[in-house]
Amino acid sequence: MPEAPLPAIRSLPSWLLGRAAARGRALVAEALAAEGMKMWHHVVLSAVRDLAPVAQADLGRGVRIDPKDLVGILNDLQSAGLVVRAPDPNDRRKNAVSLTDDGARLLKRCEKAAREANDALLAPLTAAERDRFMDLLIRISGTQS
């Protein structure tokens, strides 16, 4: 079924960005699913790799995820043998999370799959257009360093 004509809405940058983001998320989710991974699980796995060993509370703040949701994701990742939780050496009252070797191998495959999905998203653009597009997205997203 074709979409209803809404030219005033469809001309808004926010609407177009939302559509592009939804398409990008769908492509990445599909690519990660082929590796048996969900998007938030991938985000957490990547953050653990970058921050490990990391206190569970710090991890949750770092990826901006509700602590209850993080516990479920970490339970899934630990059950799959992708992360380990152990007492934090700096504060034994906290759990520190680290990546296992299996987690590192899966993360590498997931990162490749996510890059390929993003390449598919940006396929209509030339290399120069991709660079410019990324620069512009960074500027308007408020994520500039």
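To be clear, the structure that these remarks concern was listed above.
Residues numbered from 1 in each chain as written. Predicted model: local features only at pLDDT ≥ 70, side-chain atom pairs only at ≥ 80, totals over all residues. Heavy atoms only, no water.

Quick word on the pairing of strand β3 (residues 91-99)
Alright, step 1. Examined bridge by bridge, strand β1 (residues 54-55) and β3 share 2 bridges and lie antiparallel to one another. Each residue of the ladder has a partner; that of V54, found in β3, is V97.
Alright, step 2. Relative to β3, strand β2 (residues 83-88) runs antiparallel, the two sharing 6 bridges. In the strand pairing of β3, V84 is matched with S98.
Alright, step 3. Counting the residues in the hairpin turn of β2 and β3 gives 2 residues. (Pairing = 2+ DSSP bridges. Helix = DSSP H or I, 4+ residues; strand = E, 2+ residues; numbered from the N terminus.)

Focus on a nonpolar patch on the surface
Alright, step 1. On the surface, L6, I9 and L12 cluster together into a nonpolar patch covering about 240 Å² of accessible area.
Alright, step 2. When you line up the elements, I9 lands in helix α1 (residues 7-10). (Patch = residues over 30% accessible without salt bridge, like charges linked within 9 Å, V, L, I, M, F, W, Y side chains within 5 Å. Areas by Shrake-Rupley, 256 points an atom, 1.4 Å probe, with all protein chains shown as cover. Salt bridge = Lys/Arg side-chain N within 4 Å of Asp/Glu carboxyl O.)

Here's the deal with the sheet that holds β3
Alright, step 1. The antiparallel open sheet is built from 3 strands, whose spatial order is β1-β3-β2. The sheet is open, and its two edges are formed by β1 and β2, each paired on a single side.
Alright, step 2. In the packing of helix α5 (residues 67-79) onto the sheet, the strands contacted are β2 and β3, and the crossing angle to β2 comes to about 115°. (Contact = heavy atoms within 4.5 Å. Axes fitted to C-alpha atoms, helices over the stretch in contact; angles between N-to-C directions.)

Quick look at the pattern of salt bridges
Alright, step 1. Within the structure shown, the criterion is met by 8 salt bridges.
Alright, step 2. Between R49 and D50 there is a salt bridge, with its nearest N and O atoms 2.6 Å apart.
Alright, step 3. A relative accessible area of 37% places R49 in the partly exposed class.
Alright, step 4. In this structure D50 comes out as exposed when scored by relative accessible area, which is 54%.
Alright, step 5. If you follow the salt bridges from partner to partner, you end up with R49, D50 and E111 in one network. (Buried < 20%, exposed > 50% of the residue type's maximum accessible area, 1.4 Å probe, protein only.)

A closer look at the nonpolar core
Alright, step 1. M37, V44, L59 and L77 are the most contacted members of the largest nonpolar core, which has 25 residues in total.
Alright, step 2. Secondary structure elements with two or more residues in this core: α2 (13-33), α3 (39-51), α4 (56-63), α5 and α6 (101-121).
Alright, step 3. In terms of residue count, α6 provides more of this core than any other element does, 6 residues in total. (Core = buried A, V, L, I, M, F, W, Y, C linked by side-chain atoms within 4.5 Å.)

Re α6
Alright, step 1. The terminal C-alpha atoms of α6 lie 30 Å apart, and with 21 residues this matches the ideal 30 Å at 1.5 Å per residue to within 8%.
Alright, step 2. Those residues of α6 that fall on the buried side of the exposure criterion are G103, L106, L107, C110, A113, A114, A117 and L121. Taken end-on, α6 shows its buried residues confined to a sector of 130°, consistent with a single buried face. Seen from the open side of α6, the exposed residues pointing more than 90 degrees away from its buried face are D101, K108 and R115.
Alright, step 3. Looking at the buried positions of α6, the neighbouring elements they touch are α2, α3 and β3. (Expected span 1.5 Å × (residues − 1). Arc of directions from axis to C-beta.)

What about unusual backbone geometry?
Alright, step 1. Put simply, A52 and P53 share a cis peptide bond, and its omega is -10°.
Alright, step 2. Within the secondary structure, P53 sits in the loop between α3 and β1.
Alright, step 3. Even without being glycine, R64 reaches a positive phi, approximately 55°.
Alright, step 4. Tracing the backbone through its elements, the reader meets R64 in the loop between α4 and α5.
Alright, step 5. A relative accessible area of 77% places R64 in the exposed class.

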